[in-house]
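So the chains spell out like this:
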Amino acid sequence: MRRIWNPGVQEWFGRILIFSWIPGFLIFSASASEQVQIGSKKFTESYVLGEIAKRTLTDAGISAEHRQGMGGTIILWEALRSGQIDVYPEYTGTITQEILKRSDELTFEQIANELGKAGIGMTEPLGFNNTYALVMLRSRAGELGLHTITDLKNHPELKFGLTHEFLDRQDGWRPLAQHYQLNPQNVIGIDHALGYGALGKGSVDVKDAYSTDAKISENDLVVLEDDRQFFPQYKAVFLFRYALPTPAIEALRKLEGTIKEAKMTRLNAEAERTKNYTRAANLYFEDSSGSTRLRQGYGVASNTFGETFPHKLARWTARHLELAAFSLLLSVLVGIPLGIFASRGGAIGHAILGFAGIVQTIPSLALLALLVPLPFFGISVRTAIAALFLYGLLPIVRNTATGLQDIPRALRESAIALGLSPAARLWQIHLPMASRSILAGIKTSAVINVGTATLAALIGAGGLGEPILSGLNLNDHATILQGAIPAAILALLVQSLFDLLDRVLIPKGLRL
Amino acid sequence: MDRWRALVWRFLFHRGKLAAVSALVQLVGVSKTFGDAAAVHAIDLSVERGKTTVLIGPSGCGKSTLLRLIIGLLQPDSGQIQFDGTQLRADKIDIVRRHVGYVIQEGGLFPHLTARGNILLMARHLGRPKNEMLARLSELCALTRFPENLLGRYPLELSGGQRQRVSLMRALMLSPELLLLDEPLGALDPLVRAALQKDLKEIFARLRQTALLVTHDLAEAAYLGDEIVLVNEGRIVQQGSLADLREKPASSFVSEFINAQRSLAVI
Ligand SMILES: Nc1ncnc2c1ncn2[C@@H]1O[C@H](COP(=O)(O)OP(=O)(O)OP(=O)(O)O)[C@@H](O)[C@H]1O
Ligand SMILES: [Mg+2]
């Protein structure tokens, strides 16, 4: 068919295509490589150990990447087993209870054997035992004369502020309470870092902590003695995949027995004081050896580790935009066709709208957690994009459907009566007439995505959520704001960008 | 076979009138029911070539439904609709539609397209040569007395009368054999309406246009129509000139309808 001078449709459609593909080019920059992938859990000590492993490998000439604060035990274990990460720091007690799901205490050899069956190796203990502990303000404990966990039995009025993980663990709160026959009236779940603040303010009296936690000395807390030996041993080790090259395993093994409790507490304190895990990790190397090999490595390392703030901000923002833009692109490409189907009503139309609506009601954190165990996803940027994509779907589907349904019957019929083909009616009449509503849906999705993308940091996908998370972890408001302010500004920018796009994409005749 | 049957029908029901041979559109026993209410009931109607047939009748009597049946927006429950002697078929309906212009009360113009975009929409879709289209456009502007400099305006930037002129141009763009007009002047003020009535009459005469027009207004029907078809409750009550209706009313309803209008209008 000859196409002469037909600006209406083609222009409109062309514009959409061009604009929606731009973000596509920004993506795919994060490529998988031969780097050793190191994971860590979302707390200071795990971050520092991760940095130490990275530095160790880098010094041995092995390229390594540290994906900080990816989440809790199960997420990291699954990531390790499925090969998304190669190494991460873990504790023997956690392995027995959470990974092997055993209620009895296993010997070190038994643990190593069990892990071997899953293709996972374990270093010898790194040298310290970071067991769980219950802590209180020194002054408060003194006032009540409390020294041991048994002593808590006589004070059911004390308020317990426990981390969610501790509340749920098999070696956590419930069996502990049973073991010691504690029956406090008031137990709440609270984030680890925020819990210290709550202790200081007196809004909770007792909280769980790790025995090497820098906060213990910093906040003048006491550890209540585990007088009836409830807590198992939590000796720090590195777990690694057998598939890891031998030189990498050998390098990691050099760390065995080199970190004692006092040292780890000091590194943790350094990390929290300077808000810089890399620097804390470097402290380990400075202390432990003056060898030229390490000194030489230091220069190389500081290039990659000592990132300036503007540089970091640019990296976070770029990743944040990648996540939001790529997921939005997918939502648009999938959402508009679904919206067109939905606009025709019937069972399928209702099913589409219903599905998109249900996805929206799943809390974003839960959606991330649900996607992580699936084969294709795991701990990756993919998962974050998939979750954001699902979130962005509903506004686009719904607005496309209602935009199309709101076209007056007289105009639909005029288009049919003219003899236009169904495709021509869709492209030349229906979609342009619904464009205002469709774009409003896309705008809503974009703003939601920019906001929700901060959660991607939870599964190590980076973005502006990274400083927010570590700030939360360190209870450091300045760090939180480093992520929160740019994220808010970004949302405003996206909003105004779409206001501009409205002028380009909505046909002039509809804006009069 | 169908053709033969149609001829037999024509012979039986139209008593072999010559007019039947020149009918462009022929409705034979057409019924349409919405739910349990019959909107159109066993209607026989011929739209004669080169003439203006006017459908008139009280609100809700089924006039619009008849037009929408003819252009295939609705399917009849029973009966036949023949276009130029052949039965309308669902798979051929788009071809028929290109030979039919359809104008509705609110104009039915697409708000996102300019006047020009609306008028040329279908011609562009069919890939007509640009020169031909532009020549036809100027011709139509002259015919409908629409200022060419307003062609770049969007429907919302035009007056009601201008919109109806654009809508008429869009309907006439492909030189349709049949023009269907559903109360095209219904929403206009009396002065604009009078001007457009005059223009429509001239246009129909000049183009020898076959037209089927719906109106509420008996004066308009008498002025524009060669044949007036009075419809009530989905049935044709009487058909003929205004004089026929006035002098030989088929029922008391016809007289009532005419008298009700006469007391208001200027006939
Ligand atoms: N899609 C529909 N669904 C149900 N009933 C309908 C539908 N379209 C028309 N009707 C009914 O059919 C009857 C005829 O309607 P129609 O629109 O043909 O009337 P009309 O003669 O054009 O009236 P008016 O002069 O007010 O435009 C009315 O009773 C109307 O309520
Ligand atoms: Mg009507």
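(A) Summary view of the overall build of chain B. Along its length, chain B carries 11 helices and 10 strands. Out of the 267 residues in chain B, the part that is buried amounts to 52%. Put simply, 67% of the contacts in chain B that link residues at least 6 apart link residues at least 24 apart. Accessible area of chain B: about 12200 Å², with a carbon and sulfur share of 53%.

(B) Structural view of the overall build of chain A. Check the secondary structure of chain A and you find 22 helices and 10 strands. When burial is assessed residue by residue, chain A has 54% of its 512 residues classed as buried. The contacts of chain A with a sequence gap of at least 6 include a subset with a gap of at least 24, amounting to 76%. Split by element, the accessible area of chain A, about 22400 Å² in all, is 59% carbon and sulfur.

(C) A look at the site of ligand 1. All residues in the neighbourhood of ligand 1 are listed as Arg409(A), Phe34(B), Ala39(B), Ser59(B), Gly60(B), Cys61(B), Gly62(B), Lys63(B), Ser64(B), Thr65(B), Glu183(B) and His216(B). Neighbouring residues of ligand 1 are not confined to one chain but are distributed across chains A and B. With respect to ligand 1, the backbone of Cys61(B) contributes an N or O atom lying 3.2 Å from an oxygen atom. Between an oxygen atom of ligand 1 and a side-chain N or O atom of Thr65(B), the distance comes to 2.5 Å. In isolation ligand 1 exposes 630 Å². Once the protein is present, 60% of that is buried. The leading source of residues in the shell around ligand 1 is helix 3 (residues 63–70) of chain B, at 3 residues.

(D) The interface of chain A and chain B, seen in detail. Taken together, the contact between chain A and chain B spans 28 residues of the former and 30 residues of the latter. When the two sides are added together, the surface that chain A and chain B hide from each other amounts to roughly 2700 Å², 66% of it contributed by carbon and sulfur. The interface formed by chain A and chain B holds 2 salt bridges in total. We note a salt bridge from Lys508(A) to Glu157(B), for which the minimum N-O separation is 3.7 Å.

(E) Focus on the sheet that holds strand 5 (residues 86–87) of chain B. All names here are of chain B. One open sheet holds the 4 strands; their spatial order is 2-1-4-5, and the pairing between them is antiparallel. At either margin of the open sheet sits one strand with a lone partner, and together these are strand 2 (37–48) and strand 5. As defined by bridge partners, strand 1 (residues 23–34) adjoins strand 4 (residues 78–83) across 5 bridges and the pair is classed as antiparallel. Counted as the bridge partner of Ser31 is Ser78 from strand 4.

(F) Just the nonpolar core, in detail. Formed by 83 residues in total, the largest nonpolar core has its most connected members in Phe110(B) and Ile119(B). Ignoring anything within four residues of it in the chain, the contact list for Phe110(B) reads Leu411(A), Ser414(A), Ala415(A), Leu418(A), Ile429(A), Met433(A), Asn118(B), Leu121(B), Pro155(B) and Arg170(B). Val87(A), Leu152(A), Phe166(A) and Leu224(A) belong to the second-largest nonpolar core, a separate cluster that totals 58 residues.

(G) Looking closely at the packing of helix 4 (residues 92–99) of chain A against helix 5 (residues 108–117) of chain A. All names here are of chain A. Packing of helix 4 against helix 5 brings their axes to within 11 Å, and their N-to-C directions diverge by 55°. As judged from the angle between their axes, helix 4 and helix 5 are oblique. Between helix 4 and helix 5 the crossing geometry is left-handed. Here helix 4 contributes Thr92, Ile95 and Thr96 to the contact with helix 5, which in turn contributes Phe108, Ile111 and Leu115. The residue makeup of the contact of helix 4 with helix 5, split by class, is 4 nonpolar, 2 polar and no charged.

(H) Layout of the pattern of salt bridges. In this structure the tally under the stated criterion is 29 salt bridges over all chains. Arg145(B) is the salt-bridge partner of Asp199(B), the closest N and O atoms lying 3.1 Å from each other. You can see Asp199(B) sitting in helix 8 (residues 190–207) and its partner Arg145(B) sitting in the loop between helix 6 (130–144) and helix 7 (160–172), a full 54 residues away along the chain. What makes Asp199(B) buried here is its relative accessible area of 3%. Here the residues in one salt-bridge network are Arg140(A), Glu143(A) and Asp205(A), joined through shared partners.

(I) Fine view of the confidence of the model for chain B. Residues and elements named next belong to chain B. Within chain B, residue pLDDT values average 88, and 90% of them lie at 70 or more. Contacts for the low-pLDDT stretch residues 11–20, under 50 throughout, to residues beyond four places or in other chains number 10 contacts. Here the complex is predicted with pTM 0.68, and the ipTM for its interfaces comes to 0.88.

(J) Representation of the packing of helix 3 (residues 73–81) of chain A against helix 4 of chain A. All names here are of chain A. Contact geometry for helix 3 and helix 4: axes closest at 11 Å, N-to-C directions at 85°. One way to sum up the angle between helix 3 and helix 4 is to call them roughly perpendicular. Where helix 3 abuts helix 4, its residues Thr73, Ile74 and Trp77 lie against Thr94, Glu98 and Ile99. Its residues assigned to classes, the contact of helix 3 with helix 4 shows 3 nonpolar, 2 polar and 1 charged.

(K) Molecular detail of the packing of aromatic side chains. Residues and elements named next belong to chain A. Inspection of every chain in the model, using the stated rule, returns 13 aromatic pairs over all chains. On the basis of an interplanar angle of 75° and a centroid distance of 4.4 Å, the ring pair of Tyr47 and Tyr277 is categorised as edge-to-face. Placement of the pair is Tyr47 in helix 2 (residues 44–59) and Tyr277 in helix 13 (residues 277–288), with a sequence separation of 230 residues. Across the pair, exposure class does not vary: Tyr47 and Tyr277 are buried alike. With a centroid separation of 6.2 Å and 45° between ring planes, the pair formed by Phe166 and Phe231 is classed as tilted. Remark: Phe231 occurs in the loop between strand 9 (221–224) and strand 10 (236–241) and Phe166 occurs in helix 7 (residues 164–168); sequence separation between them is 65 residues.

(L) Expanded view of the pairing of strand 2 of chain B. Residue and element names in this part refer to chain B. Direction of pairing for strand 1 relative to strand 2: antiparallel, over a ladder of 8 bridges. When the bridges of strand 2 are listed, Leu27 appears paired with Leu45. Counting the residues between successive antiparallel strands, the hairpin from strand 1 to strand 2 contains 2 residues, one of them, Gly35, with a positive phi of roughly 60°.

(M) Expanded view of helix 15 (residues 309–343) of chain A. For helix 15 of chain A, with 35 residues, the first-to-last C-alpha span of 48 Å sits near the 51 Å given by 1.5 Å per residue. At Gly335(A), helix 15 of chain A shows its largest bend, some 30°, and a proline, Pro337(A), comes one to four positions later.

(N) The arrangement of a nonpolar patch on the surface in detail. Residues and elements named next belong to chain A. Together, Leu481, Ile485, Ile489 and Leu493 line one region of the surface with nonpolar side chains, adding up to about 370 Å² of accessible area. Here Leu481 lies in helix 22 (residues 477–505). The partly exposed category is assigned to Leu481, whose relative accessible area is 45%.

(O) Region of interest: the sheet that holds strand 7 (residues 186–189) of chain A. Residue and element names in this part refer to chain A. Judged by pairing direction, the sheet is mixed, and its 5 strands sit side by side in the order 7-6-8-5-9 without closing on themselves. Both edges of this open sheet fall to strand 7 and strand 9, since each of them pairs with a single strand only. Each adjacent strand pair in this sheet contributes to an overall mean axis angle of 35°, direction not counted. With 2 bridges joining them, strand 6 (residues 159–162) and strand 8 (residues 206–210) adopt parallel strand pairing.

(P) Expanded view of the environment of Glu157(B). Counting through the fold element by element, Glu157(B) comes out in the loop between helix 6 and helix 7. Measuring from C-alpha to C-alpha, the distance between Glu157(B) and Pro111(B) comes to 9.7 Å, with 46 residues separating the pair along the chain. Beyond its immediate sequence surroundings of up to four residues, Glu157(B) is in contact with Lys508(A) and Leu512(A).

(Q) The environment of Gly29(B), seen in detail. Residues and elements named next belong to chain B. Note that Gly29 resides in strand 1. Separated by 16 residues in the primary sequence, Gly29 and Leu45 place their C-alpha atoms 8.6 Å from one another. Discounting residues that sit within four places of it in the chain, Gly29 has contacts with Ala42, Ile43, Asp44, Ser78 and Gly79.

How each quantity is defined
- Residues numbered from 1 in each chain as written.
- Chains lettered and ligands numbered in written order.
- Predicted model: local features only at pLDDT ≥ 70, side-chain atom pairs only at ≥ 80, totals over all residues.
- Heavy atoms only, no water.
- Helix = DSSP H or I, 4+ residues; strand = E, 2+ residues; numbered from the N terminus.
- Buried < 20%, exposed > 50% of the residue type's maximum accessible area, 1.4 Å probe, protein only.
- Contact = heavy atoms within 4.5 Å.
- Areas by Shrake-Rupley, 256 points an atom, 1.4 Å probe, with all protein chains shown as cover.
- Near = heavy atom within 4 Å.
- Polar contact = N/O pair within 3.5 Å; in protein donor to acceptor, adjacent residues only side chain to side chain.
- Buried area = accessible area lost by both parts, 1.4 Å probe.
- Salt bridge = Lys/Arg side-chain N within 4 Å of Asp/Glu carboxyl O.
- Pairing = 2+ DSSP bridges.
- Core = buried A, V, L, I, M, F, W, Y, C linked by side-chain atoms within 4.5 Å.
- Axes fitted to C-alpha atoms, helices over the stretch in contact; angles between N-to-C directions.
- Parallel < 35°, antiparallel > 145°, perpendicular 65-115°, else oblique.
- Left-handed = near helix turned anticlockwise from the far one by under 90°.
- Nonpolar A, V, L, I, M, F, W, Y, C, P; charged D, E, K, R; others polar.
- pLDDT = per-residue confidence, 0-100.
- Phe/Tyr/Trp six-rings, centres within 6.5 Å; stacked < 30°, edge-to-face > 60°.
- Expected span 1.5 Å × (residues − 1).
- Bend = angle between axes of the 7 residues up to and from the residue.
- Patch = residues over 30% accessible without salt bridge, like charges linked within 9 Å, V, L, I, M, F, W, Y side chains within 5 Å.

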